[in-house]
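# A look at the structure
If you want the building blocks of each chain, they are given just below.
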Amino acid sequence: MKKILVIGGSNSIKSINKKLAIYAAKKLENVQLDIIDLNDFAMPIYGIDYELEYGIPEKALEFDHIISKTDALIISLAEHNGSYSVAFKNILDWLSRIDQKVWKNKPMLLMATSPGKRGGANVLEAAKKFFPHLGGTIVEDFCLPSFNTNFNEKGISNNEYETLLVDVISTFDSHIK
């Protein structure tokens, strides 16, 4: 059975990106989902002085190990001021100190959503450019604008976006070994 790591790129307990990532992941069949809560990986803010004095935190090593054991990743990024959330970026910074190929060349579905009309498009574009340098094999990407309008308790309520996500998931699934 394929193992899929699901990450919502926010530490909000009501993260809309975590909701979207889980919703997308549940469209896959015959997979085991490992859903990460960034709050379980809170670490000191990365800094070289901290690293030299105390080393790499156990939580970073644990996160790296989880990535190693997975077959593919679904990551939905929260956009904070046009970039990654601080919680996500801090974990990313620590992970890059363990292995520069953070994502270990695993197939990746990269997503973003926000309450706004651009749906996290800025952070998604930034990640699409940057993640390949960190060993990210981005198979597909998906952006859902206006989360509160296009998503409800049952999932994506806009048929156009739902159809697009189904196509994206199908392509992503075909790349998972």
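Residues numbered from 1 in each chain as written. Predicted model: local features only at pLDDT ≥ 70, side-chain atom pairs only at ≥ 80, totals over all residues. Heavy atoms only, no water.

Time to look at the overall build of the chain. Looking only at helices and strands, one finds seven helices and seven strands in the chain. Tracing the chain from N to C terminus, the helices and strands come up as β-α-β-α-α-β-α-β-α-β-α-β-β-α. Over its C-alpha trace the chain gives a radius of gyration of 16 Å, about what one expects of a compact globule, namely 16 Å for 177 residues. In terms of overall dimensions, the chain has a C-alpha envelope of 55 × 35 × 25 Å along the principal axes. Expressed as a percentage of the 177 residues in the chain, the buried residues total 47%. (Helix = DSSP H or I, 4+ residues; strand = E, 2+ residues; numbered from the N terminus. Rg over C-alpha atoms; globule rule 2.2 N^0.38 Å. Buried < 20%, exposed > 50% of the residue type's maximum accessible area, 1.4 Å probe, protein only.)

With 30 residues, the main nonpolar core has Ile7, Phe63, Ile75, Leu77, Phe88, Trp103 and Phe131 as its most contacted residues. Per element, the largest residue contribution to this core is six residues, and it comes from helix H4 (residues 86-98). Setting aside anything within four residues of it in sequence, one finds isoleucine 7 in contact with Ala21, Ile36, Leu38, Phe63, Leu73, Ile74, Ile75, Ser76, Phe88 and Trp103. (Core = buried A, V, L, I, M, F, W, Y, C linked by side-chain atoms within 4.5 Å. Contact = heavy atoms within 4.5 Å.)

All right, on to the environment of aspartate 167 then. Turning to its location among the elements, aspartate 167 is positioned in helix H7 (residues 159-174). For aspartate 167, a relative accessible area of 45% gives the class partly exposed. Spatially, the C-alpha atoms of aspartate 167 and asparagine 148 are 22 Å apart, while their sequence positions differ by 19 residues.

In this section: the pattern of salt bridges. Evaluation of the coordinates by the stated rule reveals ten salt bridges. Aspartate 37 serves as the salt-bridge partner of lysine 18, at 3.5 Å between the closest nitrogen and oxygen. Of the two residues, lysine 18 is situated in helix H1 (residues 16-25) and aspartate 37 in the loop between strand S2 (31-36) and helix H2 (48-54); the sequence distance between them amounts to 19 residues. A salt bridge links aspartate 64 to lysine 104; the shortest N-O distance between them is 2.6 Å. Of this pair, aspartate 64 sits in helix H3 (residues 58-69) while lysine 104 sits in the loop between H4 and strand S4 (107-113), placing them 40 residues apart in sequence. Exposure remark for aspartate 64: the relative accessible area of 12% places this residue in the buried category. Within the structure, one salt-bridge network assembled from shared partners comprises Asp64, Asp99 and Lys104. (Salt bridge = Lys/Arg side-chain N within 4 Å of Asp/Glu carboxyl O.)

Looking at where serine 10 falls in the secondary structure, it is placed in the loop between strand S1 (2-9) and H1. Of the polar contacts made by the side chain of serine 10, one reaches the backbone nitrogen of serine 12; its length is 3.0 Å. For serine 10, the residues in contact, after removing those within four places along its chain, are Ser15, Leu38, Ala78 and Ser85. (Polar contact = N/O pair within 3.5 Å; in protein donor to acceptor, adjacent residues only side chain to side chain.)

Taken as a whole, this structure holds eleven aromatic pairs when the rule is applied. Summarising the aromatic geometry, the rings of phenylalanine 147 and phenylalanine 151 are spaced 4.6 Å apart at their centres and angled 20 degrees between planes, so their arrangement reads as stacked. Taking relative accessible area as the criterion, phenylalanine 147 reaches 5% and is therefore assigned buried. Here the aromatic cluster, defined as three or more aromatic residues joined through ring pairs, consists of Tyr46, Tyr50, Tyr54 and Trp94. (Phe/Tyr/Trp six-rings, centres within 6.5 Å; stacked < 30°, edge-to-face > 60°.)

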